[in-house]
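Coordinate inspection notes
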Amino acid sequence: MQNEPRAAFTAMENATLDDWRIIAAAHGPYQNNLANRVLAHLRLLEGDHGGFPIDRFQHSLQTATRAMRDGRDEDYVVCALLHDIGDTLASANHPDIAAAILKPYVSEDLHWMVENHGIFQGYYFFEHLGLDKNMREAFRGHPSFTMTAEFCERYDQTAFAPAYDTLPLTAFEPLVQRVFSTIRRSIYMNAAPAKT
């Protein structure tokens, strides 16, 4: 906005408490709109088939639908919905993008599952690319190994069926809003302007 208050510093080392109060006040509404920005970015996967039987948006919806119908909790379902959101910007490392987006809002085990799902998903196709389908074995013994293997087996690798009765994005929007409404982990979590 053109007339909104702005901090006066040109280098952070010169910022004042009043500058940071202005920034903090502006950050609140921006943070509150995060879920809407995430959902808008997820929609960018629509129409991107990449040779797959369905586009990446439908794959994301189908993965989440399968997890929801299996009784998974909201955090898990949101992770299933967003697990491939990084495909538009990071085709060589898309799990890292999804994991970074979700990290402040979900448990460490769900974050690890999203971050590593690409390697675990490889169990179902890496041999066709000349890669080791058992690459995930390097993580055997990790507390989230079984959960990540199950995510790929039950929800991710099965979610390419054009005729599957997939729920629309509107079914997941309230879940995304709730999950992104509470920051659980962040270096900024306890940040508050100092008192004078």
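Residues numbered from 1 in each chain as written. Predicted model: local features only at pLDDT ≥ 70, side-chain atom pairs only at ≥ 80, totals over all residues. Heavy atoms only, no water.

Geometry of an aromatic ring pair is reported as the spacing of the ring centres plus the angle between the planes. Applying the stated criterion across every chain, the model contains twelve aromatic pairs. Ring centres of Phe9 and Trp20 lie 6.1 Å apart, and the angle between their planes is 25°; on these two criteria the pair is classed as stacked. Pair noted here: Phe9 is in the segment before α1 (17-32) and Trp20 is in helix α1, with a separation of eleven residues, a long-range link. A relative accessible area of 23% places Phe9 in the partly exposed class. Of the aromatic side chains, those joined through ring pairs into one cluster are Trp112, Phe120, Phe139 and Phe145. The positively charged end of Arg66 is found above the aromatic ring belonging to Tyr164, 3.9 Å away from the centroid. Sitting above the plane of the Tyr123 ring, Arg136 keeps its charged end 3.9 Å from the centroid. (Phe/Tyr/Trp six-rings, centres within 6.5 Å; stacked < 30°, edge-to-face > 60°. Helix = DSSP H or I, 4+ residues; strand = E, 2+ residues; numbered from the N terminus. Buried < 20%, exposed > 50% of the residue type's maximum accessible area, 1.4 Å probe, protein only. Lys NZ or Arg CZ within 6 Å of the ring centre and 35° of its normal.)

Together, Phe125, Leu129, Leu131 and Met135 make up a nonpolar patch on the protein surface, roughly 350 Å² of accessible area in all. As for its position among the elements, Leu131 is in the loop between α6 (108-121) and α7 (145-156). Overall, Leu131 belongs to the partly exposed group, its relative accessible area being 41%. (Patch = residues over 30% accessible without salt bridge, like charges linked within 9 Å, V, L, I, M, F, W, Y side chains within 5 Å. Areas by Shrake-Rupley, 256 points an atom, 1.4 Å probe, with all protein chains shown as cover. Salt bridge = Lys/Arg side-chain N within 4 Å of Asp/Glu carboxyl O.)

This part takes up the pattern of salt bridges. Under the counting rule described, the total for this entry stands at twelve salt bridges. The partner of Glu4 in a salt bridge is Arg6, and the shortest N-O contact between them spans 3.7 Å. Given the relative accessible area of 35%, Glu4 is considered partly exposed. A relative accessible area of 54% places Arg6 in the exposed class. Of the charged contacts in the structure, one is a salt bridge between Asp48 and Arg56, with a shortest N-O distance of 2.9 Å. Residue Asp48 is classed as partly exposed on the basis of its relative accessible area of 27%. For Arg56, a relative accessible area of 18% gives the class buried. Within this structure, Asp70, Arg72, Glu150 and Arg154 form a network of salt bridges that share partners.

Burial analysis of helix α4 (residues 74-82) places eight of its nine residues in the buried class, which makes it a mostly covered element. Every buried residue of α4 is listed here: Asp75, Tyr76, Val77, Val78, Cys79, Ala80, Leu81 and Leu82. Among the structural elements, α2 (34-43), α3 (56-69), α5 (94-102), α6, α7 and α8 (173-179) are those in contact with the buried residues of α4. Of the residues that open α4, the one with a side-chain oxygen 3.2 Å from the backbone nitrogen of Asp75 is Asp73. (Contact = heavy atoms within 4.5 Å. Polar contact = N/O pair within 3.5 Å; in protein donor to acceptor, adjacent residues only side chain to side chain.)

Here Ile23 is to be found in helix α1. Of the residues examined, Ile23 reaches a relative accessible area of 30% and is grouped as partly exposed. Sequence separation between Ile23 and Pro5 is 18 residues; the distance between their C-alpha atoms is 8.7 Å. Contacts of Ile23, omitting those with residues within four sequence positions, involve Ala7 and Phe9.

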